[in-house]
Amino acid sequence: MVFLVVLLNSNQIVYAQSQNMILEWEQHWDTYESGGTCNFGTYNFFVGDVDNDNTLELITGGMTYDMANYSRTDIKAPFKIWNWDGERFTLEVSQEWLGVTRSIFSDDIDGDGIPEIITGGSISNDTGSYSTIRIWNWDGTDLSLRAHFEGVSASSISVFDFNNDGISEIITAGSSSDGVKTYAQLSVLNWKEDVLSLAGSVKWCSSNDARATSVVASDLNNDGVAEIITGGYDNDLMNSSGQLRIWHWSEDNFSLIESIEWRMVEDVYGVTITGDPMGNTIVNNLRVADVDDDGILEMVTGGFAFDGEKFNAQLKIWNWSNQKIACENSQEWITDDVTEVKAISLDDVNGDNQVDIVTAGLAGAYGGFADVNAPPEQAQLRVWNWNGEELILKNSEEWTVGEGVVAWNVQTGDIDNDGTVEIVVVGCMYVSALCDPDLRIYSISSDAFPMNILVAGIIVTLAGVTILGLLWRRRNQGQK
């Protein structure tokens, strides 16, 4: 019976699984080997049901250009909506304009039951290039532009109904430059009667260069007041510190509640695989969810930290308690000279009823972009689990396409309605300086045997043995 008690107490999950990553599909764009397209930016991809057809769509952005006649005015923003039914990968609609798409988000902003798609990026014309926020609707047949606003940068987008009027505000994180300094920027926009307007904006910079790469709006401490969480960096690129900030928004005013910054080493910076300055420590992506099932929301950040010689991929898990940001866990790892987390998704991707942390990024060697003798960049996909005490690496996949590839974006969802959550990665690969998106759909196989059935079988077996033993004893006693 001691064995049974130990087994029951140690069984914390529903299934014991043997898991492998399965590549279900790989998709390139129509510019493959003929032009140039890149789906860069760590929020430049979204998975969701944007046309109310009970099927999740995949929305991609980025930039595209013709290599034969390349100029700045040729750069276009490819805005595409796709679907995957488990066998066919289909382009539902495609839209282009002069400019770039940098971020994508979707939600029912006005509460009418119809999802809106929000894009952040830029639009170009004869007078220059301008930051723009756009709101779209897609009904499965027509893609309509509902509103646009110029002048606000959006590397990341979130929404929240702060004043409980049934219409969500749009929150953006980005940057703003005055020609001398580059500021991190946080903005809130209102959308009413198909008109987008700026409700408020705040900028900050400790020296000459700061960026807000990520934003999430969520009620972190469940007190009915939403927090706005931003991630990014400050203190210039040459000595950048990772930065996590918590804000409150009320009517037309931002209040900074707390800010925390960190580095592994001070006063140094490293370079990218192309030799350009990369920085010291930067947050590329931020997500919020209860990842350890303790009833409290965690903030999960991904990016990199320079150790003086190489770039470490960095994954951090934070909580906010008593108005203080605390780091629950920090994980760094090195695969090559430059290892980096570009994007994060939080979801149960293996059916064990636990929220997994999915990270996507790259591993590359210094000089790898130009040196044919250097190993090509590898895209890197990892699945983690945090139980509140230990961060466990459950799955890892690396791959190379062409002369190198980076996994810029990752999203999750049951996109083919087969009951299994897929992991969808969108990256950029290149051959002879021709870039092209490399979209991959993965699922995690599970040779799962239900542990509750195993335990029940053991209980029944032990009970049967015990009963047979008692009957055998009584029979022997009766014979005496």
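Residues numbered from 1 in each chain as written. Predicted model: local features only at pLDDT ≥ 70, side-chain atom pairs only at ≥ 80, totals over all residues. Heavy atoms only, no water.

Visitor: Explain the overall build of the protein residue by residue, including any values.
Guide: Looking only at helices and strands, the protein has two helices and 33 strands in total. Out of the 480 residues in the protein, the part that is buried amounts to 52%. Sequence separation of 24 or more characterises 53% of the internal contacts of the protein that already satisfy a separation of 6 or more. Accessible area of the protein: about 21,100 Å², with a carbon and sulfur share of 49%. (Helix = DSSP H or I, 4+ residues; strand = E, 2+ residues; numbered from the N terminus. Buried < 20%, exposed > 50% of the residue type's maximum accessible area, 1.4 Å probe, protein only. Contact = heavy atoms within 4.5 Å. Areas by Shrake-Rupley, 256 points an atom, 1.4 Å probe, with all protein chains shown as cover.)

Visitor: With reference to specific residues and values, describe the pattern of salt bridges.
Guide: A complete count under the given rule lists eleven salt bridges for this structure. In this structure, Arg88 and Asp85 form a salt bridge, with 2.7 Å as the shortest nitrogen-oxygen distance. According to the relative accessible area criterion, Asp85 is partly exposed, its value standing at 35%. (Salt bridge = Lys/Arg side-chain N within 4 Å of Asp/Glu carboxyl O.)

Visitor: Before we move on, can you summarise the state of the cysteines with the specific residues and values?
Guide: Following the criterion strictly, the structure yields one disulfide and no others. Covalent S-S linkage joins Cys38 and Cys428, the inter-sulfur distance amounting to 2.3 Å. For the disulfide bridge between Cys38 and Cys428, the dihedral angle about the S-S bond is near 120°, and by the sign convention the bridge is right-handed. Taken as a pair, Cys38 in strand β3 (residues 36–38) and Cys428 in strand β31 (residues 422–431) lie far apart in primary sequence, 390 residues in all. (Disulfide = S-S within 2.5 Å.)

Visitor: Residues and numbers for the packing of aromatic side chains, please.
Guide: A ring pair, where both rings are aromatic, is described by two values, the distance of the centres and the angle of the planes. All told, the structure shown has 17 aromatic pairs when counted by the stated rule. Look at Phe160 and Phe162: their rings are 5.3 Å apart centre to centre, the planes differ by 45°, and that puts the pair in the tilted class. The class of Phe162 is buried, set by a relative accessible area of 18%. A ring pair is formed by Phe304 and Phe311, whose centres lie 5.2 Å apart and whose planes are at 85°; its orientation type is edge-to-face. For the pair Phe304 and Phe311, one class covers both residues: buried. Taken together through their ring pairs, the aromatic side chains of Trp25, Trp29, Trp82, Trp84 and Phe89 make up a single cluster. A cation sits over an aromatic face here: Arg134 above Trp97, 4.6 Å from the ring centre. For Lys203, the ring lying beneath its charged end belongs to Tyr183, and the centroid distance is 5.0 Å. (Phe/Tyr/Trp six-rings, centres within 6.5 Å; stacked < 30°, edge-to-face > 60°. Lys NZ or Arg CZ within 6 Å of the ring centre and 35° of its normal.)

Visitor: Hey, could you go over the environment of Cys38 for me, with residue numbers and the actual values?
Guide: On the basis of relative accessibility, which here comes to 13%, the residue Cys38 falls in the buried class. Taking the C-alpha atoms as reference points, Cys38 and Thr64, separated by 26 residues in sequence, lie 6.5 Å from one another. Apart from the residues within four sequence positions on either side, Cys38 is in contact with Gly61, Gly62, Met63, Trp408, Cys428, Cys435 and Pro437.

Visitor: Give a description of the sheet that holds strand β17 (residues 227–234) that names residues and reports values.
Guide: As a general point, the strands of a sheet are linked pairwise by backbone hydrogen bonds and lie either parallel or antiparallel. The sheet built from four strands is open, its strands ordered β16-β17-β18-β19 with antiparallel pairing. The sheet is open, and its two borders are formed by β16 (211–218) and β19 (253–262), each paired with just one other strand. The average angle at which neighbouring strand axes cross in this sheet is 20°, direction not considered. As paired elements, β17 and strand β18 (residues 241–250) share seven bridges and run antiparallel to each other. (Pairing = 2+ DSSP bridges. Axes fitted to C-alpha atoms, helices over the stretch in contact; angles between N-to-C directions.)

Visitor: Describe unusual backbone geometry, naming the residues involved and giving the relevant values.
Guide: Outside of glycine, negative phi angles account for most residues, and trans bonds account for most peptide bonds. Even without being glycine, Asn164 reaches a positive phi, approximately 55°. For Asn164, the position within the fold is in the loop between β12 (156–160) and β13 (169–177). Among the residues examined, Asn164 registers a relative accessible area of 68% and is labelled exposed. At Gln323, a position not held by glycine, the phi torsion is positive, near 65°. Mapped onto the elements of the fold, Gln323 is located in the loop between β24 (311–321) and β25 (324–333).

Visitor: Outline the pairing of β19, listing residues and values.
Guide: Two strands pair when backbone bridges link them, and β18 and β19 are joined in this way by nine bridges, in the antiparallel orientation. Looking across to β19, one finds that Arg245 is bridged to Ser259. What sits between β18 and β19 in their antiparallel hairpin is a turn of two residues, with Glu251 showing a positive phi close to 60°.

Visitor: Give me the lowdown on the sheet that holds strand β14 (residues 182–192), citing residues and values where you can.
Guide: Ordered in space as β12-β13-β14-β15, the four strands form an open sheet in which the pairing is antiparallel. One side of each edge strand has no neighbouring strand; the edge strands of this open sheet are β12 and β15 (195–204). Between one strand and the next, the sheet's axes are offset by a mean angle of 30°, whatever the strand orientation. Looking at chain direction, β12 and β13 are connected through five bridges and run antiparallel. Bridge pairing in β13 links Phe160 to Glu169.

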